[in-house]
Structure formats: structure tokens, C-alpha cells
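Here's the letter readout for the chains.
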Amino acid sequence: MRDRDLTSADVAEFASPRELMEAEWAPCRYHCPVHADVRGYIELAARGQFEAAANLVRDCLPFASVCGRICHHPCEANCRRCEVDQAVAVREVKRFVCELTGVRAAVHKADKQDLAKVAIVGAGPAGMAAALELARIGYRPTVFEKFPVAGGIPATAIPSYRLPRDVIRQDTDWIFAHGVDFVPNCDIGKDKTIADLEAEGFEAVLIATGLADSRMLPLPGADHKRVLPVLTFLTDVSFDRTPDVGANVLVIGGGNVAMDAARTARRLGAQVTAMCLENEEEMPAWDWERDEADEEGVTFLFRRGPVEVLLDGDKIVGMKTRKVTRVFDGEGKFSPEYDDNDLQNIPCDTVIMAIGQTANLNFIEGSDLTADDRGRLTYDSATHQTSLPEVFACGEIVTAPGSAVEACASGQRAAKAIDLYLSGRTIQIDDALPPTIDKIAPATAEKVLKVERYGVDTEQPEMRITTFDEIDHNYDPEIAVREARRCMSCGGGAEVLVDKCAACLTCLRVCPFDIPVVTDVARIESSLCQACGMCIADCPANAIIARSWSPEEDLRQVAAKINALTGERKIVAYVCGHHSPATAWGGTLEDTIPGVVEEYLPSMSRLSAAEILHTLEAGATGVIVVACNEGADRYPTAPLRAAKRVEQVRELLDEIGLGAERVQYVAVADRGRAATREAMAEAADRIEGKVQESVESE
Amino acid sequence: MSNEPVSNLQRDLDSGEFVVTAEIGPPKGTNIAPVIHEAEEFLKGKVSAVNVTDIQTAVMRGSSMVGAKLLFDAGIEPVLQMVTRDRNRLALQSDLLAAHIFGIRNVLCLTGDHVTMGDHPQAMPVYDLDSVSLLDAMCKLEAGTDLGADMKGKANELDGVPTFFKGCCVTPCADEVDPQVIKLEKKVEAGAQFVQTQAVYEPKVFETFMKKVEHIKVPILVGIVMLKTAGMAKYMNRGVPGVVVPDAIIQRMTDCEKPDREKVSIEICGELVSTMKDMCQGAHLMTLGWDHCVPGIIQAAGLA
Amino acid sequence: MIVAERKPMDEIFQMLAGCKKVLVLGCGGCVTVCLTGGERQAEMLASQLNLAAKAKGEAMQVDFDSITRQCEKEFFDNLSEAPADYDAVLSIACGAGVGYMSEQFPKVTVLPGMNTTHLAANVALGIWEEYCRGCGDCMLAWTGGVCPIAKCSKSLVNGTCGGTDKGKCEVNPEMNCGWLMIYERLKELDRLDEYRTMRPLRDHRTDRGNGVRRLVLAEMTEEEAGDE
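The model shown is predicted, which means the values in this text are computed figures rather than measured ones.

Reading the values: rules and limits
Residues numbered from 1 in each chain as written. Chains lettered and ligands numbered in written order. Predicted model: local features only at pLDDT ≥ 70, side-chain atom pairs only at ≥ 80, totals over all residues. Heavy atoms only, no water. Helix = DSSP H or I, 4+ residues; strand = E, 2+ residues; numbered from the N terminus. Rg over C-alpha atoms; globule rule 2.2 N^0.38 Å. Buried < 20%, exposed > 50% of the residue type's maximum accessible area, 1.4 Å probe, protein only. Contact = heavy atoms within 4.5 Å. Areas by Shrake-Rupley, 256 points an atom, 1.4 Å probe, with all protein chains shown as cover. Lys, Arg positive; Asp, Glu negative; His and termini not counted. Charge placed at Lys NZ, Arg CZ, Asp CG, Glu CD. Pairing = 2+ DSSP bridges. Axes fitted to C-alpha atoms, helices over the stretch in contact; angles between N-to-C directions. Buried area = accessible area lost by both parts, 1.4 Å probe. Salt bridge = Lys/Arg side-chain N within 4 Å of Asp/Glu carboxyl O. Nonpolar A, V, L, I, M, F, W, Y, C, P; charged D, E, K, R; others polar. UniProt positions renumbered as here; feature names shortened; annotations may be inferred. Phe/Tyr/Trp six-rings, centres within 6.5 Å; stacked < 30°, edge-to-face > 60°. Parallel < 35°, antiparallel > 145°, perpendicular 65-115°, else oblique. Left-handed = near helix turned anticlockwise from the far one by under 90°.

Observations concerning the overall build of chain C
So, point 1. Each helix and strand in chain C was counted, giving eight helices and ten strands.
So, point 2. Radius of gyration (C-alpha) of chain C: 22 Å, far over the 17 Å computed for a compact globule of 228 residues.
So, point 3. Oriented by its inertia axes, the alpha-carbon framework of chain C measures out at about 65 × 55 × 25 Å.
So, point 4. With 228 residues in all, chain C has 46% of them scored as buried.
So, point 5. Expressed as a percentage of contacts within chain C between residues at least 6 apart in sequence, the contacts between residues at least 24 apart total 57%.
So, point 6. When the accessible surface of chain C is summed, it comes to about 11,700 Å², and 51% of that surface belongs to carbon and sulfur atoms.
So, point 7. Taken together, the 25 basic and 34 acidic charged side chains of chain C have centroids lying 7 Å from each other.

If you want it as C-alpha cells, here you go:
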């Protein structure tokens, strides 16, 4: 909830009504590491405005396409819809819009890039995100990458059945298009030193090399050439240097990278056993990743620890293992204990070590950079600065291991630090966020229309292991739209202007969710508001505004569309868009009715009687209100209220001799496009007196 | 106040005999002579007094005052009905003085149907007084003062003091009878000396009512409204508050041939009076223009 | 609260005949609460008038505004436009607002857009029922909290009339009999003696019989103490 009341004077001072949205964030945005406007882009997708949605994603998220595939999506984990049914499939919708838009995503280059040159070491998500931010500000970033391609781990180690390579290129090419230079095959510390970079005129250097080396275990026999570090294995597969994994692979590790390795080895034709210290519940891999590995025929061995690589001559024949009695101590710290009496030999001919990654500090060579006694780069997390003030670091090399989106966030923050440094200011970054909205209250959740989450199709496991093709299918446009429409627009709802509120209680009485509380004035708890707009439409004092839309702005757009009509007929159909096809909201319908502007709203709940009148004032010859049937509308009572408002407007028109028939109400929007179109065409004829109005049964 | 009766009606009621009254209504227009003639022909000498309705059901017509005056002149004792709907306390007191001057002594105080029930629904409903305060006002006039007072709070004195026999109404068959009883108590406390009831068709209910008002020591004349058709009976059930015509009576009206209706209606009224005459002190026959039936009813009731 | 409802459109058209520039002025007080005279209703009435003018081919410009209360002079300072710039101000406040505004702006034609009807409580969404008639002599203490002046269609003070039937009033079968409500309430409160007591004649001077009524709080007036 806002910390203070809002008045009409406050609103008058806002540069944009969107400022209201900034006062409080929906949890999807709050918990997104880069704070993408999730609600915003999901709403655009819900309206079929896919390109606008993709652009909004990219405003904050450089690796939009990549994250559309592999993001760990904290937005979904924190989605308030979880309390209703299931989270909105944000990642799948994002994937859909980004894929559809592809490389056409808008590029807004800085007017001039005349600020300092900045060298970025590592073209992974962190480095590339930083490069993009710096380029947008006007710096000239160059990214140095030891591999031939940009993208970091996603491009070099994440298997292509999860993340096709062209998807990564969509993101990296788009970033480069902002004026980011790229130097591939350049391993800093080996091919060039940091000192070299500074000598070349780079005024700042950002280390974003990530965790490039695989962690190994000092087991007897572990130096065998068929004991493969996981990153080496995955990178080799990525670059088509397909390694010989033999017939029987043992993957050590229970994390997501281990799962990638196991599933990749399956695709290379091997039998695969994945062994980890943890049990099924404890293992760190995502459930879905473990399940898919299981489906693909990976055998799991839980709670066993490796002891010794068993050799027969120069061949690996197995792994000696022991039972794990515990993994974590009472405080939850990693502290495994073993039962050395429970030993078991697991036959295998290849071992992949996937127990974690570690930083490679080779770039320190030839520089004055220092590492601490544990071998970690000296670094100040507040300023991103290393032991050299002009050398910064970001991403996994200095943070805990994380996901691509977290690396992006770190890179963006580092870019801010570099900008402050290079512009001679103190590096002080305000990490404060607006408050987030609480979980939805059970009583409210109960009233929200339940809509099952739309899943994506996944290839059959037996097909999957024969290829490195992507296994998850994309949504089709209709499903993407339907899934996006599950979003509850958290935080986009009502705000009371206390100076205008007369405490009349109308909001409290019309709210389908019983949210408003009226004491001296009405107060509408944003965490509970469902953004249906019912109270806004019915407030007699014009004292309630919406955070995420403005009736005035909507009307301006409608007026423009009316003006664009050339014939005699200028009818506006306000259509409940909750069940409408994507082409409807997106404005690409092919079967529009001549002279009828179709204007889509999430529900008729927000359409006020005044707006209907204003639409006529704007030049419409008639208005058709196309509602859903009760029960199909996303908001309870919306069709009833809409019908009542139409009845009111009809009376008002009748009074001034304009004819009630100018405004028509039909409840059909949930019955499909054909029925909706037919009903609108008929209503348009009724408006023009071509068809007699049937006697109202009400 | 002396106990001498001020009217024949009072004297008849005092005597303990079963008293019958009837009712006429002035017409909408000036042609009042036929009404008076009928009263002379059918009511004179048959009943103790004849009520004259006061703009009944709020449908504009000649005043009850003129009807009462003409009856008086024709040698028939009138009961002047006065409703509080149309006149404020000045006009009501003034008319009470006029009534006395005209020789009218019996006055029945009523609140009166609401103006919206009648043919001038836009008219101002006055109700400055109600039936209780009108009775009270009459007592004050009889005591020589009016409702007003001078600057010192001393009541205004009258030059010539009227006397009245003051009546009121009650609805014995109202679905909620207790508030009616309390109101009746208030009316009697305010000076009511006789009661003419709303129409009664249910002797049993009336009997119960009479038990409830045993403590009220004023004569009660049971109201009988003549049913002209079955349709009228049904209308009364639907539209007249506190009046219930039992199905059996409606059936009798339905079953009879048209030429027999009047006869059956007279029979019904006669039976009702006959059944209830031991429960009360008289009957008030409201024939709604069928004055000629009054003798028949009296006969049918075994009172002749 | 004071309830007012919009006048018939024909009457409004008649009042505004010949006006070229009109301000519809809402009031943020009672009439906002009863959903008939707030800013939204001003907006809609202006919209209606603009549509009507356009349809008739008349050049009339109708703006709307709303202030906190039209029965207080200070709030007129918050008007966005000077009333004098308009041919007429169509006020949709209650009669007090219209009359007071008219007095404050002697050169401005202030017209009533509403008929002020009654003092009400909001008994259900969209329903405002009369509870008080401002008679100036409150007798709720003796009537179980049910006002006989407001709730009895005849404003009787001594009990039910003969027009009560099954709890309803003869005037309208939808309307409860006020006196039956009083009776039930007094019975419930075990105070039926209040019903039995004869009420004194009403003094209509407190109502409307004594000219313009005004409340004067000496402690708040600007006149010096002891002036009166």
C-alpha cells in the first residue's frame, strides 16, 4: 500500500500516469533480477501486441530470447496467481513474443557514442548486459571473448536442445547493434593482458569471465583422460568436437549442469548414470530438469559419494562409491558424512565431473590485480571495483553462481558503476526498490476466475535422445494470448484521489472482490485490487484512477480511429477481449465490419457510461458494448454492470432525442469470433435502424 | 359537561336499543336533490341518523357540511363526517362552529384517505390534525376555547359554545389489530363518544375484536358495506385495508343470478347484522347509493 | 444526506434556451454521495447537452466542473473557470447549492439542474430512502426511532390510520406503514406507552410555518458578544 494518500494535485504533477505504476511493483517485476516490467509485457502480449511486448522485455533484459528458454523465472515463482491456480507462464510468453519478433526487435542506439572506451572481458550475459548499458549511455564498449562466439555459458555449454544457437545469436546480434564491438577468440591473460587493453586506450575494464572452469575432485584415478570436466565436455559438444564418451557414462553431480551433461551424453548414445550426494529432494537441479532426464533414460543414484576411479589397465571400468549419511549439517551447511562400510562399485567407462564451476583467474597475469587468500578476485561488491580502480568485475566470477538473468543484473549494475567512475562521480548505487505487493488474500483469490495454465508441448523422450533439436515447443499465437490473459495485472488497479473522494461507498459496493475500505475516504489496497476498473467506472466523484490505464488516453485513441473512418457509418464496438483472438487486440483482424471500430478491453467492467457518451461526442454514430456472458468474464458481475450502464446511456440518449438504439449491448464475446462478428454486424444494423430493436425483456 | 344527550343518535344509544345508521355521499356537482330525496324516502324514520361522507376516498365532491345541512332541513338527523386531510386546524374548527350553528350535533372524526388515492393526487395533503387531535379540538370548543392561545398562553375564548356528539372509526378486522385498539383508546380518551367501524364481514373476528375493546365504554356500531357484485367483494379484499370478505360470501354473490343480486346482498347484510347485533350497540349500513335497500336489510336483520 | 435528482431534460433544455456557453457544475457533497450530482454526473450531463446541441445544429459549448460543496462560499474559489464567462451555470447541487451560488454570483445566471427531494439514508446500492423531513421538532424519542413525519405518508403523530394493511401503506403497497413500524419497534423496546400517549399538536413554526429558518451559533458568529 502507498505510504501516503494520493491527491489530484499529485497526479497533475506526474509527467506520465505510469508514474503510479512505479510506486509499487508487482512481485514478478520486483523479484526479476533485472526488474523487467513483466506485468507490462504480459499485458501487451495479452492484447496481441507481440512486438511491443518483446521490445518492453528488451528494455530491461538483453538476453530476452535466451531467458525465454532457460530462465529460472523468479517472476513465476512469485506470481500472485500461484495463490489462485498456477503462475502465469511468463517465460513461455516471453519466448513466444521474442521468437516471433526475432532480430526485428527495436534498437534504440544512443545519439552519440563519444564517451570513453570500455573493455569488457567475457561475452557472457554479465559482460554483454554491461556492454549494452554502456553503449546506451554513450560509451564505446568492446567485448573480448576467448570463444569464437558471444553468449558465454548459454552459447558454449548449455545444450542446444534446451537453447538453440540461433536464439542466442538473436540476443547477441541485437546487443551488438547498439554499438558494441566484439573481439572473438581473444583470451585475456593469454592473448592480451589487461595492461595491453589500458594501453590501447580503454579507460575502464570490466572483468566478466564467469566461472569458466569445472571443479574437479582429487580422487585416485581422476586424472584419467576419460574423467571429463563438465564444461569441457559440454563446450566440445557445442563446438561439434564431439567427444568419445564410450558406452557407459557416470555423471557426478546433482545440479542443473550435471543434468545437462547427463542428457547430452544420452544424446551421444551412451547409457548414463547420474550420481549425487543428495537424495531426490535435496538435489539442486530443477525438478523439471531431473524429470526430463529421467524420461530420457538417465539412471539416478542418490546419496552416494565417489571414492576412486576404478581402472583396468588404462581403461576406466567403474567408480567406487560410498553411502552418504548426510549432506547438510543441522544449520543447513554443506557438510557431507559417509558410511565407509557401505561401498559399491558402479561400472562405467567415462566419468563426467559436474560438481560445480570455478573461476579462471588467468587474466590476472600481467596486471596489478590481486586475488585473496582463497583465490578469489579482490572486489568491492558496492562499487564493482577490483584492486585497480579502473578495473571492475561483475557476474559469477564475483557473485554466487546464478542464472543468466542474474548475471545480466550484475552487468547492468557494473555499467552504472563504470559510468559513475568515468564521469568522475562517487560510485554510489542506490539499490533501493519500490515496495512490492503482498500475496493475494485467500478471500480475494477465491473470487478470481480460475483458468488452467497453458503448457507447451514437449517432444517425446524417445525422439529427444536422438537429436540435439529443441525439445520444448513454442506456443501458437492464440495460446500465447490466452496464457498472457491469465495475468491479474497486479498493481495496475485503482488509486483513490482522496481530495475528491466523497466516501460515498459506491466503490465498496460495486467491487466484485470486496476490496475497498471506506473510512474518512475510500482506500483501495493495491495488493488486493484486481484492476477490473469497476469502481473507476462507477465513481460519482471521478475520484478513482487506474494505475495502468487512462480512460482519457483510451478515448483519444478511439477518437483517432473514428476520424480515420471514411464512410457514413462510424460505430465503435467496445469488445470484452478476454476471449478474443490475438488478431483482434493486435488490430490485424481480417474480417472487420466496415465502419465499425473494434476497441478491445480486458473486460467491460471498466467501461463507464461517461466513456460511452464521450465516444458519441467524439463522432461515433453508435456504440456497441460487446460483453462476455456472466461466468465467462474474468471479473464477476461485469456483464451485469455493463448492461446497466448501457441501459442508463440509452435513457440519457432517449432524453435528448438522439435515440436509444445508438447504443447496443450484446453478451457474446465469449462465444468465438464468428458469433461476435455476427452480433456486432446485427447491432450495427440496429443502430442504423435497419433492423427493429426487439422489445427489451428486462 | 351535562349528560343530557345532544342528539337523537346519542339518546338512542344511551337508551340501550340497537341503533342503525346509514350513509349518503354528496355528488360531484351541484345536483344534490336526488340524494336528499332518496334519504327522505328510504331512511327517514328507519334509522337513527345518516352519515354524510366528507370527500370520500379523496374524490372531489360536494361537502359533507352541505349534505348534513340539507338532511337536517329535511328532518333527518345527520352525522357530519370530517376528515383531517383537506383542512388545517383553523378551517376545521371554523367548520365545527358552522356545523353547530346549522344544528348539526353528530360529528364523526376521520383521518381520511390519502389524496393520492383520489382524483386530485397532486393536491397538498394537510393532516395538520389527525382524528385524535380533531376529537380533542372538539372537546376544547365544547369547553369554550379553541386550539389557539394569546401571547400569555391563555386559550382563546369563544363567543357561543358548541356541543357535539363525537364519533370515531376503527378497523376491527385489520390484520394487526392491537395498534388499532390502542388508537381507539386514544380517540376515546380524546373524547370520542361513539364508534362506527370499518366494514366487517367476519363476525368471529369482530367478536374477538369486541372482547379486546370490552374496557372501552363507548357504543360501537358495526360497519356493514353492501356488496353489489362478487367483483366488488374481490376488489375490497384486494384494495381496502382491513376488510376481508370471506370466500363463502363471495361464492354466494357469484352463484346468484343477476336479477337476484340485490336480494342476496340484502340477505347477506341482514344476516351479518343479525349475527353481530348482540356483540355491539348498533349497525352502520353503508349502501353506497342503494339507500332503497336499507329497509330490506333492517327487516332481514330482524330489527323491524 | 440531501437527495436530489436530475430534472427532466425538456425542462433543462427550456432553461438553457439561447445559451451559447454553459457550465454544468457538480457538487462534492450529498449529491455526489447519492450519485446524481457529482463530477461524474456533471461530466455526463455536459456530454449529453453537447450531443444534443450538435444534433440540433446549435452552437452550444458545455463544460463541466465540480467543487467540494456549493453551499460554502470558499469552495467557489476552486472553480477552474470564472462563472461569469458562461451564459449560464447549470448547477446540479441541491437547491441550497443552486440558491447560494446564485446569491454569490449576482451577475451569473445560475440554473437548477436538479430537483431536491428528500433527506435520506442509503438503504441499498442505488436506493436512498427518506428518513427525515426536517420538521424542526424531532420526536424520534417517542416513536422508537422511526419518524412518523417522514415514514407515515400522512405524517400522523397519534398512531396508525385505517389505511394500513399487512404492514403496508395505502399510498403505495411497496411502502411500509410508518406507524406499524413505530408500533413494532416500541413493542420490541417495551415502550408501548409512548404509543398510548396523546401527542401534542404539532407546532408548524419549526417546520416551514415561520419563514426562513436559519441556524445561528452565537459562539461562532463574527458579531461581538453581547450584541444581541
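Picking up after the structure, the text goes on.
Re the sheet that holds strand E20 (residues 571-576) of chain A
Two pairing modes exist for strands in a sheet, parallel and antiparallel, and in both the strands are linked by backbone hydrogen bonds.
Residue and element names in this part refer to chain A.
So, point 1. The parallel open sheet is built from four strands, whose spatial order is E21-E20-E22-E23. Edge positions in the sheet fall to strand E21 (596-601) and strand E23 (663-667), since each has one partner strand and no second. Sheet twist, expressed as the average angle between the axes of neighbouring strands with direction ignored, equals 20°.
So, point 2. For E20 and strand E22 (residues 622-627), the ladder comprises five bridges, and the chain directions are parallel. Among the inter-strand pairings, Val 575 is bridged to a residue of E22, identified as Val 626.
So, point 3. Of the strands in this sheet, E20, E21, E22 and E23 touch helix H26 (residues 673-687), which is tilted by about 150° from E22.

Topic: the interface of chain A and chain C
So, point 1. At the junction of the two partners, chain A supplies 27 residues and chain C supplies 23 residues.
So, point 2. Buried area between chain A and chain C, summed over both chains or domains, comes out near 2,100 Å², and the portion from carbon and sulfur atoms is 57%.
So, point 3. Our count for the chain A to chain C interface comes out at two salt bridges.
So, point 4. A:Glu655 is the partner of C:Arg6 in a salt bridge, and the nearest nitrogen-oxygen pair spans 2.6 Å.
So, point 5. Among the secondary structure elements, those contributing two or more residues to the side of chain A that touches chain C are helix H20 (506-510), helix H21 (534-538), helix H24 (609-617) and helix H25 (638-655) of chain A.
So, point 6. With six residues, H24(A) is the single largest residue contributor to the side of chain A that touches chain C.

Digging into the interface of chain C and chain B
So, point 1. If you look at the interface, chain C gives 28 residues, while chain B gives 31 residues.
So, point 2. Carbon and sulfur atoms make up 55% of the area that chain C and chain B hide from each other, which totals about 2,500 Å².
So, point 3. Three residues stand out in chain C for area buried against chain B, namely C:Lys154, C:Met198 and C:Leu201, and they jointly supply 24% of the buried area on that side.
So, point 4. Applying the counting rule to chain C against chain B returns one salt bridge.
So, point 5. Here C:Arg196 and B:Glu185 are joined by a salt bridge, their closest N and O atoms 3.9 Å apart.
So, point 6. The greatest single-element share of the side of chain C that touches chain B, amounting to three residues, is contributed by helix H6 (residues 178-188) of chain C.
So, point 7. Residue classes in the side of chain C that touches chain B are distributed as ten nonpolar, ten polar and eight charged.

With respect to the environment of A:Ile252
Residue and element names in this part refer to chain A.
So, point 1. Its place among the elements puts Ile 252 in strand E7 (residues 248-252).
So, point 2. The buried category is assigned to Ile 252, whose relative accessible area is 3%.
So, point 3. Ile 252 sits 183 residues away from Arg 69 along the chain, and the two C-alpha atoms are 25 Å apart.
So, point 4. Not counting the four nearest positions on each side in its chain, Ile 252 is found in contact with Met 275, Pro 306, Met 319, Val 351, Ile 352, Met 353, Ala 354 and Ile 355.

Points about the pairing of strand E10 (residues 282-286) of chain B
One face of the sheet, then the other: side chains in a regular strand alternate in exactly this way.
All names here are of chain B.
So, point 1. Taken across its five residues, E10 has five buried, putting it largely inside the fold.
So, point 2. Side chains Gly 282, His 284 and Met 286 project from E10 onto one buried face, and the interleaved Ala 283 and Leu 285 project onto a second face that is buried too.
So, point 3. Relative to E10, strand E1 (residues 19-24) is paired through three bridges, and the arrangement is parallel. Its bridge partner lying in E10, Val 19 is registered against Gly 282.
So, point 4. The pairing of strand E9 (residues 220-225) with E10 spans five bridges and is parallel. Opposite Val 222, over in E10, you have Ala 283 as the bridge partner.

As for the pairing of strand E2 (residues 21-27) of chain C
Residue and element names in this part refer to chain C.
So, point 1. In terms of burial, E2 is largely enclosed, as six of its seven residues are buried.
So, point 2. As judged from the seven bridges shared by E2 and strand E3 (residues 61-67), these two strands associate in the parallel manner. By the bridge assignment, Lys 21 is partnered in E3 with Gln 61.

Things to note about the UniProt feature "domain: Methylene-tetrahydrofolate reductase C-terminal-like" (unreviewed entry) in chain C
So, point 1. Feature annotation in UniProt assigns "domain: Methylene-tetrahydrofolate reductase C-terminal-like" (unreviewed entry) to the following positions: residues 112-204 of chain C.
So, point 2. When the span residues 112-204 of chain C is considered, its composition is 20% helix and 29% strand, and the gap between its end C-alpha atoms is 28 Å.

Some thoughts on the packing of aromatic side chains
So, point 1. Applying the stated criterion across every chain, the model contains 16 aromatic pairs over all chains.
So, point 2. Ring plane angle 25° and centroid distance 4.7 Å describe the contact between B:Phe165 and B:Phe194, whose orientation is recorded as stacked. Taken together, the positions of B:Phe165 in strand E7 (residues 165-170) and B:Phe194 in strand E8 (residues 194-199) put the pair 29 residues apart, joining distant regions of the chain.
So, point 3. Residue B:Phe194 is classed as buried on the basis of its relative accessible area, which comes to 0%.
So, point 4. Ring plane angle 70° and centroid distance 5.3 Å describe the contact between C:Trp179 and C:Tyr195, whose orientation is recorded as edge-to-face.

As for the sheet that holds strand E8 (residues 271-276) of chain A
All names here are of chain A.
So, point 1. Read from one edge of the open sheet, five strands run E6-E13-E7-E8-E9, paired in parallel fashion. At either margin of the open sheet sits one strand with a lone partner, and together these are strand E6 (227-229) and strand E9 (299-302). Taking each pair of neighbouring strands and ignoring which way they run, the sheet shows an average axis angle of 20°.
So, point 2. Packed on one face of the sheet, helix H14 (residues 256-267) meets E7, E8, E9 and strand E13 (350-353) and runs near 165° to E8.

A closer look at the arrangement of the chains
So, point 1. Out of two pairs of chains that touch, the pair holding the most contacts is chains B and C.
So, point 2. Separated in space, chain A and chain B share no contact, their closest pair of C-alpha atoms being 24 Å apart.

Digging into the packing of H14(A) against helix H15 (residues 287-295) of chain A
The geometry of a pair of packed helices is captured by two quantities: the angle between their axes and the separation between those axes.
Residues and elements named next belong to chain A.
So, point 1. Packing of H14 against H15 leaves a shortest axis separation of 10 Å and a crossing angle of 20°. Classed by the angle they form, the pair H14 and H15 counts as roughly parallel. As H14 runs across H15, the sense of the crossing is left-handed. Here H14 contributes Asn 256, Met 259, Asp 260 and Arg 263 to the contact with H15, which in turn contributes Glu 289, Arg 290, Glu 292 and Ala 293.

Comments concerning the side chain of A:Arg304
Residue and element names in this part refer to chain A.
So, point 1. Topologically, Arg 304 is positioned in strand E10 (residues 304-312).
So, point 2. Note on Arg 304: relative accessible area 7%, which makes it buried.
So, point 3. If we ignore the near neighbours within four places in the chain, the residues touching Arg 304 are Met 275, Cys 276, Leu 277, Thr 321, Arg 322, Lys 323, Val 324, Asp 342, Leu 343 and Gln 344.

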